[in-house]
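# Descriptive structure summary
Here's the letter readout for the chains.
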Amino acid sequence: ADHKAAWVEAGEQLAQLRQELQQVESECADQREKAQQHAGTAAESQARVAQLLRTNSEFEQHADSVWSKAEEAQSRLRDKEEDLGRAREECAELTQLLDDQRSEVTA
C-alpha cells in the first residue's frame, strides 16, 4: 500500500513538473520571440543610423563644395572690385586730362 501511495505521489509530482516545464518552455519561447523582435529593431536602427551617416557625409561634401565655390566667387568679386577701382581712377584721370585740355583750348 505504501508503494502504491508513493507511486501515485511520484506520478502527481511528475505531472506537476511537466506542467511547470511546459510553462517555462512557453515563457522561453515568448522571450526568444521578443529577443528576435528586439534584434530586428536593433538591425533596423543600425541600418537607419548608417543611412543617416551616409546622408550626413554627402551633405558635408556638398557643403564643402558650395563653400569652396562661394570662396572662389568672393575672390573673383574682389578682383572685379579692384578692376573697377582702377577703371574709376583711370576715368578720373582722363576726365581731368580732358578738363585740362578744354581749359587750354578756351584760353
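Residues numbered from 1 in each chain as written. Predicted model: local features only at pLDDT ≥ 70, side-chain atom pairs only at ≥ 80, totals over all residues. Heavy atoms only, no water.

## Some remarks on the overall build of the protein
Helix and strand content of the protein: 1 helix and 0 strands. For the protein, with 107 residues in total, the buried portion stands at 0%. Put simply, the protein has 13 plus and 24 minus side-chain charges, and the middle of one group is 4 Å from the middle of the other. (Helix = DSSP H or I, 4+ residues; strand = E, 2+ residues; numbered from the N terminus. Buried < 20%, exposed > 50% of the residue type's maximum accessible area, 1.4 Å probe, protein only. Lys, Arg positive; Asp, Glu negative; His and termini not counted. Charge placed at Lys NZ, Arg CZ, Asp CG, Glu CD.)

## Brief notes about the environment of arginine 86
By the element assignment, arginine 86 lies in helix α1 (residues 2–106). In sequence terms arginine 86 and leucine 14 are 72 residues apart; their C-alpha atoms lie 106 Å from each other.

## Here's the deal with the pattern of salt bridges
For the coordinates displayed, the defined rule picks out 2 salt bridges. A salt bridge links arginine 86 to aspartate 83, with the nearest nitrogen and oxygen atoms 2.3 Å apart. Separated by 3 residues within a single helix, arginine 86 and aspartate 83 lie in helix α1, roughly one turn from each other. (Salt bridge = Lys/Arg side-chain N within 4 Å of Asp/Glu carboxyl O.)

## Some details on the environment of histidine 3
With respect to the helices, strands and loops of the structure, histidine 3 is situated in helix α1. Residue class for histidine 3 comes out exposed when judged on its relative accessible area of 64%. For histidine 3 and leucine 21, which are 18 residues apart along the polypeptide, the C-alpha to C-alpha distance reads 26 Å.

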